[in-house]
Amino acid sequence: MTSRTLFERIWDGHLVAQEPGGPAVVYVDLHLVHEVTSPQAFEALRLERRRVRRPDQVLATMDHNVPTAAAGAPDEVSRAQMDALERNCAEQGVTCFGVGHPWQGIVHVIGPELGLTLPGTVIVCGDSHTATHGAFGAFALGIGTSEVEHVLATQCLRLARPRTLDVQIEGDVPFGVTAKDVALGVLRAVGTSGAAGHVVEYSGDAVRRMSMEERMTLCNLTIEAGGRAGLVAPDDTTFEYIRGRPFAPTGAAWDAAVAEWRQLRSDAQAGFDATVSVDVATLAPTVTWGTNPAQSIPVGGAVPDPAALSDPAARDSAQRALEYMGLTPGTRTNDIALDAVFIGSCTNGRIEDLRAAAGVLRGRRVHEGVRVLVVPGSAQVKAQAEAEGLDAVFRSAGAEWRSSGCSMCLGMNADVLQPGERCASTSNRNFEGRQGRGGRTHLVSPPMAAAAAVAGRFVDVRELSEARAS
Amino acid sequence: MRPFRCEHGRLVPLDRADVDTDQIIPKQFLKRIERTGYGDFLFNDWRYDAGGRSRPDFVLNRPEYAGGAVLVAGRNFGCGSSREHAVWALQDHGFRAVVAESFADIFRGNALKSGLLPVTLPPAGVRALLDLAAQEPGSEGIVDLEEQTVSAGSLRYRFEIDAFERRCLLDGLDDIALTLEHSAAIAAHEAGRPAWMPNVRRAAVGSS
């Protein structure tokens with residue numbers, strides 16, 4: 001038997017057919033659906049009189065548009081889109097956890113927490129951050145609406161086999177450095193398109209020591225390097241996370257599953273098409289300064305000078321970014337004042353993220369004039385945080401405690417920045433206008449966002465933590 | 001899908017790398033439940049100021065580029081969100097092809113499935129087309145999928161495209177129909193799946 005990578009094992013096990021000279025037909029085990037990228041797919045099925053092939057393998061929820069404020073109501077157009085999802089699911093027999101359901105939430109948060117995201121499976125969703133599920137050793141990829149329609153009708157995806165990239169993450173993670181900082185460090189090394197056409201496997205000691213939620217944060221940002229999917233080989237950490245969740249297999253099926261999942265790894269001799277190494281010992285809490293997630297610096301560092309960049313496209317991009325961000329070369333992160341802080345998203349909206357942010361905010365106050373939104377990734381995360389009293393920590397610090405949804409990560413609901421406002425955000429994209437037209441986004445980890453909320457500017461969270469310890 | 005054979009029209013230069021789908025079609029326009037009507041919002045935040053006034057400098061607002069059919073851009077075009085609305089907005093505005101150094105995977109897949117041709121050329125070819133479009137506004141480009149060439153003025157480049165993708169575009173083939181020809185293989189795969197696989201109907205703990 002020839003050596004295979006983890007990805008090749010999953011691929012081989014899901015190959016239904018191979019078009020001669022064309023793409024493979026790959027079987028999809030789980031299809032996650034949300035309100036924004038699905039209505040045109042359902043409509044097309046209706047026009048062609050096609051049915052959803054496997055409603056038992058499709059789960060829908062509402063996350064992108066949903067209001068997160070207590071008294072919030074969706075605008076009329078959002079309401080129409082949410083109604084369309086409910087109607088489409090009812091007509092096709094698809095399960096939908098809509099607003100108010102105790103299992104509603106961001107699609108990439110609920111799949112794992114419900115025990116639907118399982119190792120060795122193929123998972124798709126009409127959303128680019130589907131790579132998140134790769135933390136479990138699932139081949140999980142974002143697709144467009146035409147593909148959503150295709151998967152609904154056939155339960156398969158047509159795909160040319162991607163190449164493989166091994167990202168080896170070694171070293172001891174320094175104090176104050178989170179999975180978010182590791183992911184931003186990987187992006188600096190790989191670039192915004194360095195992983196295009198590749199499935200990325202994250203390997204190395206540092207990954208093995210990560211919790212499932214940290215692995216999800218790491219895999220989540222794979223798309224920002226252009227990767228088709230991110231993968232972490234499953235291990236006991238993975239199995240312990242899944243065991244006992246609502247949809248997880250039980251009894252004999254559980255035992256059979258774990259036996260199979262233990263085989264899911266890349267052979268020592270397996271060949272990757274490319275390899276990148278990242279030493280986490282060199283990393284520090286990180287702040288992005290530009291308008292793509294690869295443009296970042298360690299906290300305390302200075303905004304770089306575009307003129308120093310040799311690649312013309314990178315120089316041009318950095319110049320545009322500084323202009324949009326209202327920054328000048330040489331500015332220190334600690335001198336960047338903030339108007340808003342957003343803690344949430346499929347990148348950093350899980351319970352460990354909220355605990356980390358609350359740990360910094362406990363007993364402290366949000367800086368005057370800074371608006372802080374804390375948006376749990378799911379209704380279950382919200383309930384858990386409230387059971388632990390985290391909501392009280394956020395509220396007494398002066399932050400707003402919201403209901404679950406994508407919220408200000410992409411600003412499709414009412415949670416948006418105003419033109420010129422500057423935000424420390426735990427989300428995944430600092431693109432122009434991402435959080436609201438003219439809004440300026442700096443990506444950071446949850447503890448860094450909390451520290452920034454207290455100081456009203458970027459500060460090194462390690463100094464705040466040391467102040468507390470002394 | 002509308003077949004793509006040979007299309008021609010004005011070249012529109014967008015000399016930037018990493019043009020993301022949030023720029024191509026900002027999120028406030030993703031709430032429609034139709035596939036059409038996005039063209040007016042294409043590159044909205046670059047085309048219009050916050051008050052909704054047209055920005056005369058932006059290339060799509062310049063009369064000499066009106067009615068453009070071939071967009072020319074830098075590397076990693078269409079990165080970011082998976083929104084197919086980005087492809088629909090380009091098509092709705094009249095674009096039939098995008099020429100770039102490289103494309104983000106999801107955008108490229110969406111374009112192929114909607115009949116917008118993504119043409120990848122080496123940097124020198126893209127640079128020459130950008131320069132031509134900038135120096136001689138109104139220049140026409142011809143994108144010929146049968147010949148696999150892009151030409152404009154005295155420039156002529158051959159581009160590579162997967163033979164199967166090319167056939168699907170030339171014939172406007174329906175992907176779903178092609179896959180359903182493998183129905184027996186799909187059913188056979190399903191019959192062999194282990195019991196532990198995800199099943200949305202299998203909640204061990206009651207859903208309320």
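Just so you know, the residues in each chain are numbered from 1, in the order the chain's sequence is written. Numbering of ligands from 1 and lettering of chains from A proceed in the order in which they are written. The model is predicted, so local features are restricted to residues of pLDDT at least 70 and side-chain atom pairs to those at 80 or more, both for listing and for counting; the totals for chains, interfaces and linings are taken over all residues.

This paragraph deals with the overall build of chain A. Helix and strand counts for chain A come out as 17 helices and 19 strands. The globule rule used for comparison is 2.2 Å times the number of residues to the exponent 0.38, while the radius of gyration itself is calculated over C-alpha atoms. Against the 2.2 N^0.38 benchmark of 23 Å for 470 residues, chain A shows a C-alpha radius of gyration of 22 Å, consistent with a compact globule. For every residue, the other C-beta atoms within 10 Å of its own C-beta are counted; 20 or more classify it as buried, 12 or fewer as exposed, and values in between as partly exposed. C-beta atoms are placed from the backbone. In chain A, which comprises 470 residues, the proportion classed as buried is 61%. Contact between residues is assigned whenever the C-beta positions, reconstructed from backbone atoms, fall within 7 Å. In chain A, 77% of the contacts between residues at least 6 apart in sequence involve partners at least 24 apart. Secondary structure is summarised from DSSP: a helix means a run of H or I of at least four residues, a strand means a run of E of at least two, and numbering begins at the N terminus for each.

Residue-level confidence of the predictor is summarised by pLDDT, bounded by 0 at the bottom and 100 at the top. When pLDDT is averaged along chain B, the result is 95, and 98% of the positions lie at 70 or above. Interface confidence for the predicted complex, given as ipTM, is 0.95, next to a pTM of 0.97.

By secondary structure assignment, the location of G226 of chain A is in the loop between α8 (212–220) and β11 (229–231). For G226 of chain A, a count of 25 C-beta atoms within 10 Å puts it in the buried group. Residues within four places of G226 of chain A in sequence aside, it is in contact with T192, S193, G194, A195 and A196 of chain A together with N76, C79, A104 and D105 of chain B.

With 55 residues of chain B in contact, the opposing surface of chain A contributes 73 residues. If you list the elements that add at least two residues to the side of chain B that touches chain A, you get α1 (21–24), α4 (105–114), α6 (163–171), α7 (175–180) and α8 (183–191) of chain B. Here the side of chain B that touches chain A gets six residues from one element, more than from any other, and that element is α4 of chain B. Only Asp, Glu, Lys and Arg are considered charged in this grouping, and only Ala, Val, Leu, Ile, Met, Phe, Trp, Tyr, Cys and Pro are considered nonpolar; every other residue, Gly among them, is considered polar. For the side of chain B that touches chain A, the per-class residue count stands at 23 nonpolar, 16 polar and 16 charged.

So, about the sheet that holds strand β8 (residues 156–159) of chain A. All names here are of chain A. Strand pairing is defined by DSSP finding a minimum of two bridges between the two strands. Taken in spatial order, the three strands of this open sheet run β1-β2-β8, and their pairing is antiparallel. The open sheet is flanked by β1 (15–18) and β8, the only strands paired with a single partner. Each strand axis lies, on average, 25 degrees off the axis of its neighbour in the sheet, ignoring direction. In the sheet, strand β2 (residues 24–27) pairs with β8 via four bridges, with the strands oriented antiparallel. Paired with V25 across the bridge in β8 is R158. Lines fitted to C-alpha atoms define the axes, with helix axes restricted to the stretch in contact, and inter-axis angles between N-to-C directions lie between 0 and 180 degrees.

Attention shifts here to the sheet that holds strand β9 (residues 163–170) of chain A. What holds strands together in a sheet is hydrogen bonding between their backbones, with the strands either parallel or antiparallel. Residue and element names in this part refer to chain A. The four strands are arranged β11-β10-β9-β12 in an open sheet whose pairing can be described as parallel. Both outer strands of the open sheet, β11 and β12 (274–279), are each paired with one neighbouring strand and no more. Strand after strand, the sheet turns through a mean of 20 degrees between neighbouring axes, direction not considered. Note: β9 against strand β10 (residues 198–203), six bridges, orientation parallel. Bridge pairing in β10 links Q168 to S203. Sheet strands touched by helix α6 (residues 179–190): β9 and β12. Its angle to β12, the strand with the most contacts, is close to 130 degrees.

Moving on to the environment of E466 of chain A. Its location among the elements puts E466 of chain A in helix α17 (residues 461–469). Measuring from C-alpha to C-alpha, the distance between E466 of chain A and S317 of chain A comes to 37 Å, with 149 residues separating the pair along the chain.

We now examine the pairing of strand β6 (residues 122–125) of chain A. All names here are of chain A. Burial along β6 is two-sided: V122 and V124 and I123 and C125, pointing in opposite directions, are all buried. As paired elements, strand β3 (residues 30–33) and β6 share three bridges and run parallel to each other. Pairing of L30 across the sheet is with I123, part of β6. For β6 and strand β7 (residues 139–142), the ladder comprises four bridges, and the chain directions are parallel. From the neighbouring strand, C125 faces β7, where its bridge partner is G142.

Attention shifts here to helix α2 (residues 39–47) of chain A. Residue and element names in this part refer to chain A. Turning to α2, its buried residues number three or more, namely P39, Q40, A41, F42 and L45. Residues of α2 that are buried make contact with α3 (76–92) and α5 (145–154). Positive phi appears at R49, one or two residues downstream of α2, with a value of about 55 degrees.

What follows is about α4 of chain B. The periodicity of an α-helix, 3.6 residues per turn, causes residues three or four places apart in sequence to face the same way. Residue and element names in this part refer to chain B. Counting buried positions over the 10 residues of α4 gives nine, a clear majority of the element. D105, I106, F107, R108, G109, N110, A111, L112 and K113 are the residues of α4 that are buried. G115 occupies a position one or two residues after α4 and carries a positive phi of about 85 degrees.

What follows concerns the pairing of strand β4 (residues 117–120) of chain B. Residue and element names in this part refer to chain B. Here strand β3 (residues 97–100) pairs with β4 via four bridges, running parallel. Residue pairing for β4: V98 is matched across the bridge by P118. Here is how to tell: hold the view so the strands point away, follow the path from the first strand over the helix to the second, and if it runs clockwise the crossover is right-handed. Following the backbone out of β3, through α4 and into the adjacent parallel β4, one traces a crossover that is right-handed.

For the rest of this paragraph, the subject is the packing of α6 of chain A against α8 of chain A. Residues and elements named next belong to chain A. Running from amino to carboxyl end, α6 crosses α8 at an angle of 25 degrees, the nearest separation of the two axes being 8 Å. Taken together, the axis directions place α6 and α8 in an arrangement best described as roughly parallel. Here α6 and α8 pass one another in a crossing that is right-handed. Taken together, the residues of α8 that come into contact with α6 (itself represented by A179, K180, V182 and A183) are E214, T217 and L218. When the residues that make up the contact of α6 with α8 are grouped by side-chain class, the tally is four nonpolar, one polar and two charged. Roughly parallel refers to an angle under 35 degrees, roughly antiparallel to one over 145, roughly perpendicular to one between 65 and 115, and oblique to any angle outside these ranges. In this scheme the handedness of a crossing depends on how the near helix is turned from the far one: anticlockwise by less than a right angle means left-handed, clockwise means right-handed.

Comment: phi is negative for the bulk of residues other than glycine, and the bulk of peptide bonds are trans. All names here are of chain A. At Q155, a residue that is not glycine, the phi angle is positive and equals roughly 60 degrees. If you check the backbone angles, S407 has positive phi at about 50 degrees while not being a glycine. Position of S407 among the secondary structure elements: in the loop between β17 (400–401) and β18 (422–425).

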